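So the chains spell out like this:
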Amino acid sequence: RQRADAKSAKLVMEQNRLQAQGKIYELERLELEASQGDEVASVASKEAEDVGRVLTSEVNRLLVVRHEEWLSGMKVLASSFKEAAGERRAIWEAARVQIVGSAVPNA
């Protein structure tokens, strides 16, 4: 885009001088270069916008995928915590039964 702008600026600066000197062919060449530069810049801009759209959609897609994976991981973690809590409860219950059972005097 910068080259296209530079060629357009050069055309504007040289236009009056070239007309006064009768260098119409050189003026036409500069106009053609400026026009081609604008076309190339326009295509490049469109391609950049397309790449930006694809990149944005990919980022959003990955956001959804990672969120689903995170939720799945949290469910596994919660299940593991629940299982571990059940095991600890069973250990404490067994210990309580042993303590209470041994504290009762034999009659």
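Each residue is numbered by its place in its chain's sequence as written, counting from 1. It should be noted that, the model being predicted, local features are given only for residues of pLDDT at least 70 and side-chain atom pairs only at 80 or more, the latter also being counted only at that level, while totals for whole chains, interfaces and linings use all residues. The side-chain numbers reported here are obtained from all heavy atoms of the structure, hydrogens and water having been left aside.

Q: Please give an account of the overall build of the protein chain that cites residues and values.
A: Numbering of helices and strands starts at the N terminus; helices are DSSP runs of H or I of at least 4 residues and strands are runs of E of at least 2. Each helix and strand counted, the protein chain has two helices and zero strands in total. Counting only residues that meet the buried cut, the protein chain has 8% of its 107 residues in that class. When the accessible surface of the protein chain is summed, it comes to about 9300 Å², and 60% of that surface belongs to carbon and sulfur atoms. Think of it in three bands: with a 1.4 Å probe and only protein chains considered, a residue is buried below 20% of the maximum accessible area for its type, exposed above 50%, and partly exposed in between. Per-residue and other accessible areas were derived by the Shrake-Rupley procedure at a 1.4 Å probe size, with only the shown protein chains allowed to occlude residues.

Q: Give me the lowdown on the pattern of salt bridges, citing residues and values where you can.
A: Criterion for a salt bridge: a side-chain nitrogen of Lys or Arg within 4 Å of a carboxyl oxygen of Asp or Glu. On inspection of all chains with the given rule, the structure shows four salt bridges. A salt bridge links D50 to K46, with the shortest nitrogen-to-oxygen separation between them at 3.2 Å. Of the two residues, D50 and K46 are both situated in helix α2 (residues 24–103); the distance of four residues between them amounts to about one turn of the helix. If you follow the salt bridges from partner to partner, you end up with K46, D50 and R53 in one network.

Q: How would you explain a nonpolar patch on the surface if you had to name every residue and give the values?
A: A cluster of nonpolar side chains, W70, L71, M74, L77 and F81, forms an exposed patch at the surface whose accessible area comes to about 500 Å². Secondary-structure assignment places W70 in helix α2. Patches here: salt-bridge-free residues with over 30% relative accessible area, like charges joined within 9 Å, nonpolar side chains (Val, Leu, Ile, Met, Phe, Trp, Tyr) joined within 5 Å.

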